[in-house]
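The chain contents come next:
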Amino acid sequence: GKPWVLPVVRKAESMLAADETLNKEYLSMGGLQSFTDAATRLVLGENSRLINEENRAVALQTLSGTGALHIALQFIAQFYPGCKDILVSNPSWGNHKLMIDRIPGIKFVQYTYYDPKTMTVDLEGMCRDLEKAQDGSVVILHACAHNPTGIDPTKEQWQKIADLCKKKNHFPLFDLAYLGYASGDFDEDSYSIRLFADMGFEFLVCQSFAKIMGLYCERIGCLIFAGQTAEIAHKCLSQIKIIVRSIYSNPPAHGARIASMCLNNREMRVEWEDCVRQMHARIRRSRTYLHTALKTSNVPGSWEHILAQNGMFSYTGLTKAQCELLIEKHHVYLLKSGRISMCGITQENAKYVANAINDAILNAKEN
């Protein structure tokens, strides 16, 4: 139950501490380029045409994924020529609305995503809402391990979503906080972004290294922009840097140096990828522990969605009243929407949590 500092991160920090050639001078507005170049290749692929042939993918270092989103939304508010409606899945990460509502010139609009009856993606509702949205709207898409539901579209569903966005000339803004957490494979988890890239979209990617490298307090992220042409991409990057200059001037170096070493040093890259697979496997085991405990304790309802979902979170399907009982009586802490962090589930506490859920389902008084 304690935070895990990745061994490869410890190793990188030791190497940095011993390197007396390093100093404490500012990075540029764009951050550490060895980091952003590697982060871009991680998402788009080593053989990406956008990078290797067309030179129309640009990137800069940000203050984790939250900072990337804030900069991206500021950029859209100031420079995007299309509709300034920002379409966000219902439900979504709470910070999306918080940021959008506080940036003048853009508007928070929800689209259907989750079907509470089937606990799956409501593709029909999602496509209906994207279809009726104003042409050229900005659509925030969770690239993988959707937060909070843990439910991702299938590849076939992603194709339908991409086709509709192309038809409507929507602009995709990918939120990528959990690369590797959905499947344990970076290429697999990047599928949605690479699909849109192959279809010729302009798009933004807001990437976080908090979870996938355990660099929570270092605030390391990357904002990637794929423009229609190389000229457009680099002109937009210049404007994005001006936004950065007006807020925090330049990002911190230490975490970026750690991330760069993990991405670019061949031996450390192998070790880091193994760490991500371990974290993914740990979360999958937690799902199995809870699912097994719920079934063996005969807790009412079907709990197959616990296994079907992926990433750090599960949308349990519990009501607000049931969640309140869990918190107040059993000290099982979760959001009142029913979202629970799977990382808190262990083999030792799964039965306790299952019994608490059983009590909540049987005894919570609904308003």
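Note: the structure precedes this text.
Presented here is a report on the structure given in the accompanying data block. Small disclaimer: the values here were computed from a predicted structure and weren't measured.

### Re the overall build of the protein chain
For the protein chain, the count of helices and strands is 15 helices and 11 strands. Since a compact globule built from 367 residues should have a radius of gyration of about 21 Å, the 21 Å found for the protein chain is in line with a globular shape. With the C-alpha coordinates of the protein chain rotated into their principal frame, the extents come out at 60 × 55 × 35 Å. Buried positions account for 57% of the 367 residues belonging to the protein chain. Sequence-distant contacts in the protein chain: of pairs separated by 6 or more residues, those separated by 24 or more amount to 75%. Accessible surface computed for the protein chain: about 16700 Å², of which carbon and sulfur atoms make up 51%.

### Let's talk about the pattern of salt bridges
Scanning the entire structure with this criterion turns up 16 salt bridges. Arg41 is paired through a salt bridge with Glu46; the nearest N and O atoms lie 3.8 Å apart. Looking at Arg41, the relative accessible area reads 26%, which means it is partly exposed. For Glu46, a relative accessible area of 49% puts it in the partly exposed group. Note that Arg269 is salt-bridged to Glu273, the shortest N-O span being 2.7 Å.

### What about the environment of Asn52?
Counting through the fold element by element, Asn52 comes out in helix α3 (residues 49–52). Of the residues examined, Asn52 reaches a relative accessible area of 40% and is grouped as partly exposed. When the C-alpha atoms of Asn52 and Ala17 are compared, they prove to be 34 Å apart, with 35 residues separating the residues in sequence. Among the polar contacts listed, one links the side chain of Asn52 to the side chain of Arg41, at a separation of 3.1 Å. At 2.9 Å, the side chain of Asn52 forms a polar contact with the backbone oxygen of Glu46.

### Remarks on the sheet that holds strand β7 (residues 171–176)
Across the sheet, seven strands lie side by side as β1-β9-β8-β7-β6-β2-β3; this open sheet has mixed pairing. Strands at the two margins of the open sheet, each flanked by one partner only, are β1 (57–63) and β3 (107–112). Going from strand to strand, the sheet's axes swing by 25° on average, the running direction of each strand aside. Note that strand β8 (residues 203–208) and strand β9 (residues 220–226) share six bridges and pair antiparallel. Considered in β9, the bridge of Leu204 is made with Phe225.

### What to know about empty space enclosed by the protein
Applying the stated rule across the entire model yields one cavity of 30 Å³ or more. Quantified by volume, the largest cavity comes out at close to 40 Å³. Surrounding the largest cavity, Tyr111, Tyr113, Met126, Leu141, His142, His146, Pro153 and Trp158 form its lining. For the lining of the largest cavity, the per-class residue count stands at six nonpolar, two polar and no charged.

### Here's the deal with the layout of surface pockets
Summary: where empty space remains is shown by rolling a probe the size of a single water molecule over the atoms. Roughly 560 Å³ of volume is contained in the largest pocket. Lining the largest pocket we find 16 residues, and of these Lys2, Pro3, Trp4, Arg282 and Cys343 sit closest to its centre. Classifying every residue of the lining of the largest pocket gives nine nonpolar, four polar and three charged. The space that makes up the second largest pocket amounts to roughly 450 Å³. Around the second largest pocket, the lining comprises 19 residues; the ones closest to its centre are Tyr80, Pro81, Phe171, Glu202 and Gln228. Secondary-structure elements contributing two or more residues to the lining of the second largest pocket are α4 (64–79), β7 and α10 (230–247). A breakdown of the residues in the lining of the second largest pocket according to their chemical character gives 11 nonpolar, six polar and two charged.

What counts and how
- Residues numbered from 1 in each chain as written.
- Predicted model: local features only at pLDDT ≥ 70, side-chain atom pairs only at ≥ 80, totals over all residues.
- Heavy atoms only, no water.
- Helix = DSSP H or I, 4+ residues; strand = E, 2+ residues; numbered from the N terminus.
- Rg over C-alpha atoms; globule rule 2.2 N^0.38 Å.
- Buried < 20%, exposed > 50% of the residue type's maximum accessible area, 1.4 Å probe, protein only.
- Contact = heavy atoms within 4.5 Å.
- Areas by Shrake-Rupley, 256 points an atom, 1.4 Å probe, with all protein chains shown as cover.
- Salt bridge = Lys/Arg side-chain N within 4 Å of Asp/Glu carboxyl O.
- Polar contact = N/O pair within 3.5 Å; in protein donor to acceptor, adjacent residues only side chain to side chain.
- Pairing = 2+ DSSP bridges.
- Axes fitted to C-alpha atoms, helices over the stretch in contact; angles between N-to-C directions.
- 1 Å grid on protein atoms, 1.4 Å probe; cavity = no way out; pocket = protein on both sides within 12 Å on 5 of 7 lines; lining within 4 Å.
- Points joined across faces, edges and corners; volume = space filled by probe spheres on them.
- Nonpolar A, V, L, I, M, F, W, Y, C, P; charged D, E, K, R; others polar.

These figures capture arrangement, not role.
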